[in-house]
Amino acid sequence: MSPEGLRPLLQRLHRLQAADTRHRLARGRDAAALARLLAAAGRRAGAGIAAAETILPPPAPVACGPACPFCCHVPVTAAVAEVIIIARHLDPTLAPEARRRLARRLANLTAAGAGLDGDARSRQRLPCPLLDGASCRVHPLRPLVCRAVASVEVAACRAAHASHMVEGVPQVRAHLLAVNAVAAGLEAGLAEAGLGGDIDLALGLAVCLLDPGAATAWLAGEPSPLADLARPPQLVAPQLDG
Ligand code: SF4
């Protein structure tokens, strides 16, 4: 089956996620409601991946698994909503010293990438601030952009990492398209509620952890540094037209 065969599924994922986002945000738009919305989007992405791989099977079994951090060394841009919920999860788990360490790491990462374009930042191969050793500290809450990445060849991931992300890693197309469709539906619903936009993960986390009022203000539609830093998302969901 060609990627074209995925079109009805991608359209359905996009439509359902946009509708669910609208419905949930109409009932409440505080952080708890946002967390439930994102958890449901994560479940939809997981189901979408399974359905997409039935239609367009990967060329080999997906090799991604725990403690495999090679792809977590590029700058991550996520929905502002996702960053807020990750910060909300991290906040109570951080002892004062751990909070200081993380804040320092976030500030260093942000400063190291200042003025560089996306490719140049990828070549820096800096670890995601949420890596804890070789594992994602927030794996169940990881952004959709992270869920979209899947490889069938760990050797290719290792080579990409060794090359400072110059070498590419072949992506599992069904996986990528299914998650992108959910992400595009999520963004459509968030944008209608005035909560759309992406932000650099390190920068967004730094803002949320250092200024707890920033997320509350953003959710209420009031002036917030998060609104100043948010950008239109670059993620597109191909094959959704028509
Ligand atoms: S959020 Fe987690 S999965 Fe995503 S890049 Fe960071 S460590 Fe990796």
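Residues numbered from 1 in each chain as written. Predicted model: local features only at pLDDT ≥ 70, side-chain atom pairs only at ≥ 80, totals over all residues.

### As for the overall build of the protein chain
Rules: Secondary structure elements follow DSSP: runs of H or I no shorter than four residues count as helices, runs of E no shorter than two count as strands, and numbering proceeds from the N terminus. C-alpha atoms define the radius of gyration, and 2.2 Å times the number of residues to the power 0.38 defines the globule rule. Exposed residues have 12 or fewer other C-beta atoms within 10 Å of their own C-beta, buried residues have 20 or more, and partly exposed residues fall in between, where C-beta atoms are placed from the backbone. Here contacts are defined at the residue level, using C-beta atoms placed from the backbone and a cut-off of 7 Å between them.
Across its full length, the protein chain holds 11 helices and four strands. Here the C-alpha radius of gyration of the protein chain, 18 Å, is about what a compact globule of 242 residues would show, namely 18 Å. Dimensions of the protein chain, computed from C-alpha atoms along their principal axes, come out at roughly 50 × 45 × 30 Å. Evaluated residue by residue, the protein chain yields a buried proportion of 35% over its 242 residues. The contacts in the protein chain between residues at least 6 apart in sequence include a share of 83% that link residues at least 24 apart.

### Here we look at the nonpolar core
Rules: Buried Ala, Val, Leu, Ile, Met, Phe, Trp, Tyr and Cys residues whose C-beta atoms connect them within 7 Å together make up a nonpolar core.
Formed by 53 residues in total, the largest nonpolar core has its most connected members in A81, V83, I84, A178, V182 and L205. Here this core takes 10 residues from helix α8 (residues 173–192), the largest share from any one element. With near-sequence residues (within four places) excluded, I84 lies in contact with A31, L34, C208 and A215.

### Describing helix α2 (residues 31–55)
Put simply, the rule reads: Every helix has an expected span of 1.5 Å times one less than the residues it contains.
Look at α2: 36 Å from first C-alpha to last across 25 residues, which is about the 36 Å you get at 1.5 Å a residue. Taken together, the buried positions of α2 are occupied by L34, L37, L38, A41, R44, A45, G48, I49 and A52. Looking at the packing, one finds that the buried side of α2 touches α1 (7–27), α3 (80–90), α6 (144–147) and α8.

### Digging into the packing of α1 against α2
The test is simple: Note on method: axes are straight lines fitted to C-alpha atoms, helices fitted across the in-contact stretch only, with angles between N-to-C directions ranging 0 to 180 degrees. Orientation categories follow fixed angle ranges, with anything under 35 degrees roughly parallel, anything over 145 roughly antiparallel, 65 to 115 roughly perpendicular, and all other angles oblique.
Contact geometry of α1 with α2 gives a least axis separation of 11 Å together with a crossing angle of 170°. Between α1 and α2, the crossing angle belongs to the class labelled roughly antiparallel. Residues L9, L13, L16, Q17, D20, T21, R24 and R27 of α1 pack against A33, R36, L37, A40, A41, R44, G48, A51, A52 and I55 of α2.

### A few points about the confidence of the model for the protein chain
Rules: On a scale of 0 to 100, pLDDT captures the predictor's confidence in every residue.
Averaged over all residues, the pLDDT of the protein chain equals 91, while 96% of them reach at least 70. Considering only residues more than four positions removed or in separate chains, one finds that residues 237–242, a stretch of pLDDT under 50, has 16 contacts.

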